[in-house]
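Residue-level structure breakdown
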Amino acid sequence: MRIDIFTLFPGWFEWFLEQRHVRNALTIGHVVDPVDLRATTPLKAGQVDDTPYGGGAGMVIRVDVVEAALAARYGADRGERRVIALAPGGRRFDDALAAELAGEPELTLLSGRYEGFDERVHEQLATDVVSIGPYVLAGGELAAMVVADAVLRKLPGALGHEESAVEESFSEALEGAPEYPHYTRPYDWHGHTVPEILLSGDHAKVREWRLERSRERGRGPT
Ligand code: 6GU
């Protein structure tokens, strides 16, 4: 998997790229590449944004700037490539979308700043517009990291334990429900003990108990 992340702040991703699970993914051949939107701007003095038509506060990232950045990297024809603009008004990111994106050979993430992208970036340059939740962030960088993180950990070999990603919160194995509760030592912590069934050694019963707890927690937020 190759993930290119177009941003005005490539430095934000340095910390992300240093984290162990991301480094592991890079070690086995995946690529996460922050691309500076400003580096390829066709405008003078590194300009990337402009005042909004119709007036109002804030600045809007220009569609020709994003077009030039994509063309510099991919040429004029992006083919089947999935280009995902991160914006608060987009489709809500969830586990199913993470799994779907993990099946793509390459991904492009567009992180906006200021008041976001010119609408024509969403309509003409992106294949998807994705939001990570009903709140407004200062920019799409954190959202891009959330998407990259959730997608990378779906890839085979990216986690220490292969099963961890199969039976986890919101996954199909758990019928889309949140994960069951986990316990480890100490058995008795200030009188709060661990459910006896988990110590029983009866794997079928443990499975059943976990599935029940997972169902009890209900379906995740949609
Ligand atoms: Cl993708 N971008 C911004 N700026 N805010 C958000 C978001 C994205 N998703 C939720 N809030």
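Above: the structure in question.
Our subject in this report is the structure included herewith. Computed from a predicted model, the values in this text were never measured in an experiment. (Residues numbered from 1 in each chain as written. Predicted model: local features only at pLDDT ≥ 70, side-chain atom pairs only at ≥ 80, totals over all residues. Heavy atoms only, no water.)

Close to the ligand lie Leu-86, Ala-87, Pro-88, Val-130, Ser-131, Ile-132, Gly-133, Tyr-135, Val-136, Leu-137, Gly-139 and Ala-143, which account for all nearby residues. Residue Ile-132 places a main-chain N or O atom 3.0 Å away from a nitrogen atom belonging to the ligand. In isolation the ligand has 290 Å² of accessible area, and contact with the protein removes 96% of it. Mapped by element, the contributors of at least two residues to the shell around the ligand are β5 (82–92) and β7 (128–131). The element contributing the most residues to the shell around the ligand is β5, with three residues. (Near = heavy atom within 4 Å. Polar contact = N/O pair within 3.5 Å; in protein donor to acceptor, adjacent residues only side chain to side chain. Areas by Shrake-Rupley, 256 points an atom, 1.4 Å probe, with all protein chains shown as cover. Helix = DSSP H or I, 4+ residues; strand = E, 2+ residues; numbered from the N terminus.)

The subject of this paragraph is the environment of Gly-191. By the element assignment, Gly-191 lies in the loop between β8 (188–189) and β9 (192–193). In this structure Gly-191 comes out as exposed when scored by relative accessible area, which is 57%. Considered as a pair, Gly-191 and Phe-117 are 74 residues apart in the sequence and their alpha carbons are 54 Å apart. (Buried < 20%, exposed > 50% of the residue type's maximum accessible area, 1.4 Å probe, protein only.)

Let us look at the environment of His-190. Of note, His-190 is situated in the loop between β8 and β9. At a separation of 3.4 Å, a polar atom in the side chain of His-190 contacts the side chain of Trp-189.

Moving on, we come to helix α4 (residues 95–102). Residues of α4 that are buried: Leu-97, Ala-98, Leu-101 and Ala-102. Along α4, the residues classed as buried sweep out an arc of 140° about the axis, all on the same side. Looking at the buried positions of α4, the neighbouring elements they touch are β5, β6 (106–111), β7 and α6 (141–152). (Arc of directions from axis to C-beta. Contact = heavy atoms within 4.5 Å.)

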